[in-house]
Amino acid sequence: MRKISLFCLLLVSVGLVSCKNEEKKKEKLEAEKPISVSCYQALYENDTINLTINTLKDDKISGTMVMKTAESQNNYGDIKGEFHGDTLYADYSFTHDVGNKEEFKNPIAILKRGDSLILGNGKIEIYLGRSYFDKKSPIDFDNVRYKFTKVDCAK
């Protein structure tokens, strides 16, 4: 009888844990739905950058960025970050070709001025295998190549 009671208690515990996991998954999916979506494009000489920004709950940002540059390989990837004031600080996780398994990650800073965005230049340092903006050097938003203008999002 004691074994049956323990077995029933174990079965009920497993059921409760799996219900809580289902609720957490549901909350996570709801939190990841964008509140708004904005699309931008930056042109500089023969370079084009397409940026899609999804505004999520809690002022978090996700999106995609495709950099097609004449000088180097094209980059395809995702951004994740958040606004601090009028500046978006995010990580850009990208590959050089669609389907390429080797992924790179760099910090980006984007300043919002009206309806346009400016991709900043800053000194990057690497600590424990991760790249960061150097806190001692300011990020330059004046002498830049890429200034984004708002465009219609392609469906």
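Here the structure is shown first, and the text comes after it.
Read on for an overview of the structure.

Analysis parameters
Residues numbered from 1 in each chain as written. Predicted model: local features only at pLDDT ≥ 70, side-chain atom pairs only at ≥ 80, totals over all residues. Heavy atoms only, no water. Salt bridge = Lys/Arg side-chain N within 4 Å of Asp/Glu carboxyl O. Helix = DSSP H or I, 4+ residues; strand = E, 2+ residues; numbered from the N terminus. Buried < 20%, exposed > 50% of the residue type's maximum accessible area, 1.4 Å probe, protein only. Phe/Tyr/Trp six-rings, centres within 6.5 Å; stacked < 30°, edge-to-face > 60°. Core = buried A, V, L, I, M, F, W, Y, C linked by side-chain atoms within 4.5 Å. 1 Å grid on protein atoms, 1.4 Å probe; cavity = no way out; pocket = protein on both sides within 12 Å on 5 of 7 lines; lining within 4 Å. Points joined across faces, edges and corners; volume = space filled by probe spheres on them. Nonpolar A, V, L, I, M, F, W, Y, C, P; charged D, E, K, R; others polar.

### As for the pattern of salt bridges
Opposite charge on two side chains lets them pair, provided their charged atoms get close.
Okay, so step 1: Throughout the structure, instances matching the rule amount to 4 salt bridges.
Okay, so step 2: Across the pair Glu82 and Lys60 runs a salt bridge whose closest N-O atoms are separated by 3.1 Å. On the criterion of sequence distance, the pair formed by Glu82 in strand β4 (residues 75-84) and Lys60 in strand β3 (residues 60-68) is long-range, its members being 22 residues apart.
Okay, so step 3: The partner of Lys123 in a salt bridge is Asp134, with the nearest N and O atoms 3.9 Å apart. With Lys123 in the loop between β7 (116-119) and β8 (124-127) and Asp134 in the loop between β9 (130-133) and β10 (147-151), this pair connects stretches of sequence that are 11 residues apart.
Okay, so step 4: With a relative accessible area of 10%, Asp134 lands in the buried category.

### Digging into unusual backbone geometry
Okay, so step 1: Unusually for a residue other than glycine, Glu45 sits at a positive phi of about 50°.
Okay, so step 2: Within the chain, Leu128 stands out as a residue other than glycine whose phi angle is a positive 55°.
Okay, so step 3: Examined against the element boundaries, Leu128 turns out to sit in the loop between β8 and β9.
Okay, so step 4: Relative accessible area serves as the criterion here: at 76%, Leu128 is assigned to the exposed category.

### Structural notes on the packing of aromatic side chains
Okay, so step 1: One pass over the full model with this rule turns up 3 aromatic pairs.
Okay, so step 2: Pairing Tyr44 with Tyr146 gives two aromatic rings, centres 6.1 Å apart and planes at 75°, and the pair type is edge-to-face. Separated by 102 residues along the polypeptide, Tyr44 in strand β1 (residues 36-44) and Tyr146 in the loop between β9 and β10 bring together distant segments of the chain.
Okay, so step 3: Relative accessible area serves as the criterion here: at 29%, Tyr44 is assigned to the partly exposed category.

### Things to note about the nonpolar core
Okay, so step 1: With 19 residues, the main nonpolar core has Ile49, Leu51, Ile53, Met65, Ile79, Ile108 and Phe148 as its most contacted residues.
Okay, so step 2: Put simply, the parts of the chain that give this core at least two residues each are β1, β2 (47-55), β3, β5 (87-95), β6 (104-113) and β7.
Okay, so step 3: Here this core takes 4 residues from β5, the largest share from any one element.
Okay, so step 4: If you look at the next biggest cluster of nonpolar residues, it comprises 6 residues, including Ala109, Leu111, Ile118 and Val144.

### Thoughts on the layout of surface pockets
Okay, so step 1: Quantified by volume, the largest pocket comes out at close to 360 Å³.
Okay, so step 2: Around the largest pocket, the lining comprises 16 residues; the ones closest to its centre are Met67, Ile108, Leu119, Gly120 and Asn121.
Okay, so step 3: Mapped onto the lining of the largest pocket, the elements with two or more residues apiece are β3, β5 and β6.
Okay, so step 4: Across the lining of the largest pocket, the residue classes tally to 10 nonpolar, 5 polar and 1 charged.
Okay, so step 5: By volume, the second largest pocket amounts to about 230 Å³.
Okay, so step 6: Taken together, Lys80, Gly81, Tyr89, Ala90, Asp91, Pro107, Ile108, Arg130, Ser131, Tyr132 and Phe133 form the lining of the second largest pocket.
Okay, so step 7: Among the elements of the structure, β4, β5, β6 and β9 are those that each provide at least two residues to the lining of the second largest pocket.
Okay, so step 8: For the lining of the second largest pocket, the leading source of residues is β9, giving 4 residues.
Okay, so step 9: Each residue belonging to the lining of the second largest pocket can be placed in one class, and the counts come to 6 nonpolar, 2 polar and 3 charged.

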